[in-house]
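Chain residues, written in single-letter form:
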Amino acid sequence: MTKHIILDTDPGIDDSLAILLALASPEIVLDGISTIHGNASTERVTTNALSILELAKASHVPVYKGCDLPLVQPSLLSPETHGDSGLGYAKLSAPLGQAQAQHGSDFLIDQIMSKPGEITLVAIGPLTNVAMAIRKEPRIVQNVKEVFIMGGAIRHQGNTTALAEYNTYVDPHAAHIVFHSGMPMILTPLDVTYQCIFTTDDLNRLLKINSPITKFIADATRFYMEFHDEYQKIDGCVINDPMTLALTFMPEICDYQDLYVDVDISTGVGLGNTFADFYNYEKKAPNMKLALGVRPRMFMELFLERMEKLAKANS
Ligand code: BDR
Ligand code: CA
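Residues numbered from 1 in each chain as written. Chains lettered and ligands numbered in written order. Predicted model: local features only at pLDDT ≥ 70, side-chain atom pairs only at ≥ 80, totals over all residues. Heavy atoms only, no water.

S.K.: Quick question: what am I supposed to make of the pairing of strand E1 (residues 3-9) here?
M.R.: Remark: a regular strand shows side chains that alternate across the two faces of the sheet. Among the 7 residues of E1, 5 are classified as buried, and the element is accordingly described as predominantly covered. As judged from the 7 bridges shared by E1 and strand E2 (residues 28-35), these two strands associate in the parallel manner. Bridge assignment links lysine 3 to a residue of E2, and that residue is isoleucine 28. Handedness of the β-α-β unit built from E1, helix H1 (residues 13-23) and E2 comes out right-handed. (Buried < 20%, exposed > 50% of the residue type's maximum accessible area, 1.4 Å probe, protein only. Helix = DSSP H or I, 4+ residues; strand = E, 2+ residues; numbered from the N terminus. Pairing = 2+ DSSP bridges. Right-handed = clockwise from strand over helix to strand, strands pointing away.)

Okay, here's the thing in structure tokens:
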């Protein structure tokens, strides 16, 4: 049975790859996209989402603009990682279509409440929209089918501070609300995403197909690879967000543990740090499934095959 997916996203280079993977995957239907501040401003990432959908001839997918700012913290965009536009060196045409009038967090509420038990939410940016939706309509907690979240660094070092991953660092208070909400959650932290590196060899394989899709992937990831090389000495780039999306229909890519996971919202050096109570010191029930093991090649093969298919369909 196909899954109904909503992507809450801040495209963003790896976010745009997640959108393309969703469009290329017959196991899922992308019911809509809500956008969120993060890699670039909400205005910008909304334009990017629309342009990417048009690039893949999927302008039927509606886009809803979400929150402009984190709940408490000041905004923190990431031009050094994703470029000023959010899409690296890629230059997409301005979209012909526009975002829907409804706010992104209200779209999440409407969809989840009108299709109880059917919506899979995939949140691959800061969690502000999701937290807002929970506060506005707490019944979404019982009515969402499942929530896949890209965020956190459990045993892995942070990618934004020494301790914190970007999405949880940018809006730790939103992450705190979501983690403690009782939603059925699956978390994909840097521990697993940093094993999934898109390399120049992978890119060259895709570039054998002459298509606007492969050109986009090349122009976007070239910037992302330069960032990874300069800041983290990684050869290639980490594609966190499509990996998280892939788990919705190929869960066997990862191994999971049911654990109690929390996020630091105190104002010290640990702000945004995520941690799991492996020894159950707190005597609290697990609040999520945490992906801790991964089969990187299984994901990369899936990703490359799907991008090839999408590129051939758009060549
Ligand atoms: C996350 O932060 C962003 O830079 C990426 O899009 C991803 O969602 C990785 O820490
Ligand atoms: Ca993202």
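More follows now that the structure is in view.
S.K.: Explanation requested: the site of ligand 1 in the structure shown.
M.R.: Of all residues adjacent to ligand 1, which total 13 residues, the nearest are Asp14, Asp15, Asn159, Glu165 and Asp241. The separation between an oxygen atom of ligand 1 and a polar side-chain atom of glutamate 165 is 2.4 Å. A distance of 2.7 Å separates an oxygen atom of ligand 1 from a polar atom in the side chain of aspartate 241. Its free accessible area being 290 Å², ligand 1 has 97% of it covered by the protein chains. Within the residue set of the shell around ligand 1, elements represented by two or more residues are H1, helix H7 (166-170) and helix H12 (240-246). Tallied by class, residues from the shell around ligand 1 come to 4 nonpolar, 5 polar and 4 charged. (Near = heavy atom within 4 Å. Polar contact = N/O pair within 3.5 Å; in protein donor to acceptor, adjacent residues only side chain to side chain. Areas by Shrake-Rupley, 256 points an atom, 1.4 Å probe, with all protein chains shown as cover. Nonpolar A, V, L, I, M, F, W, Y, C, P; charged D, E, K, R; others polar.)

S.K.: Looking at this model, I keep getting lost on the coordination of the calcium ion (ligand 2). Mind explaining?
M.R.: For a metal with four donors in a tetrahedral arrangement, the ideal angle between donors is 109.5 degrees, while six donors in an octahedron ideally sit at 90 or 180 degrees. Around the calcium ion (ligand 2), the protein contributes the donor atoms Asp10 (OD), Asp15 (OD), Asp15 (OD), Ile124 (O) and Asp241 (OD), which lie 2.2 to 2.5 Å from the metal centre. Counting the intervening residues between successive donors of the calcium ion (ligand 2) yields the motif D-x4-D-x108-I-x116-D. In this pair, aspartate 10 is assigned in the loop between E1 and H1 and aspartate 241 in helix H12, connecting sequence segments 231 residues apart. When its relative accessible area of 2% is taken as the criterion, aspartate 241 is described as buried. (Donors = N, O, S within 2.8 Å, 3.2 Å for Na, K, Ca; no water.)

S.K.: Help me understand the sheet that holds strand E3 (residues 63-65) in this model?
M.R.: In space, the 8 strands of this open sheet follow the order E3-E2-E1-E4-E5-E6-E12-E9, with mixed pairing throughout. Edge positions in the sheet fall to E3 and strand E9 (254-259), since each has one partner strand and no second. Across the sheet, the axes of successive neighbouring strands diverge by a mean angle of 25°, strand direction being ignored. Taken together, the 3 bridges between E2 and E3 define a ladder with parallel strand orientation. When the sheet's bridge partners are listed, serine 34 is paired in E3 with tyrosine 64. Against the sheet, helix H8 (residues 172-179) engages strand E5 (146-150), strand E6 (185-188) and strand E12 (288-294), with an angle of about 140° to E6. (Axes fitted to C-alpha atoms, helices over the stretch in contact; angles between N-to-C directions. Contact = heavy atoms within 4.5 Å.)

S.K.: What should I look at first to understand unusual backbone geometry in this one?
M.R.: Where the residue is not glycine, phi is negative for most of them; where a peptide bond is considered, it is trans in most cases. Proline 11 connects to glycine 12 through a cis peptide bond whose omega is 0°. Tracing the chain through its elements places glycine 12 in the loop between E1 and H1. Backbone geometry at lysine 283 places phi at a positive 55°, although glycine is not the residue there. Mapped onto the fold, lysine 283 is located in the loop between strand E11 (274-276) and E12. With a relative accessible area of 67%, lysine 283 lands in the exposed category.

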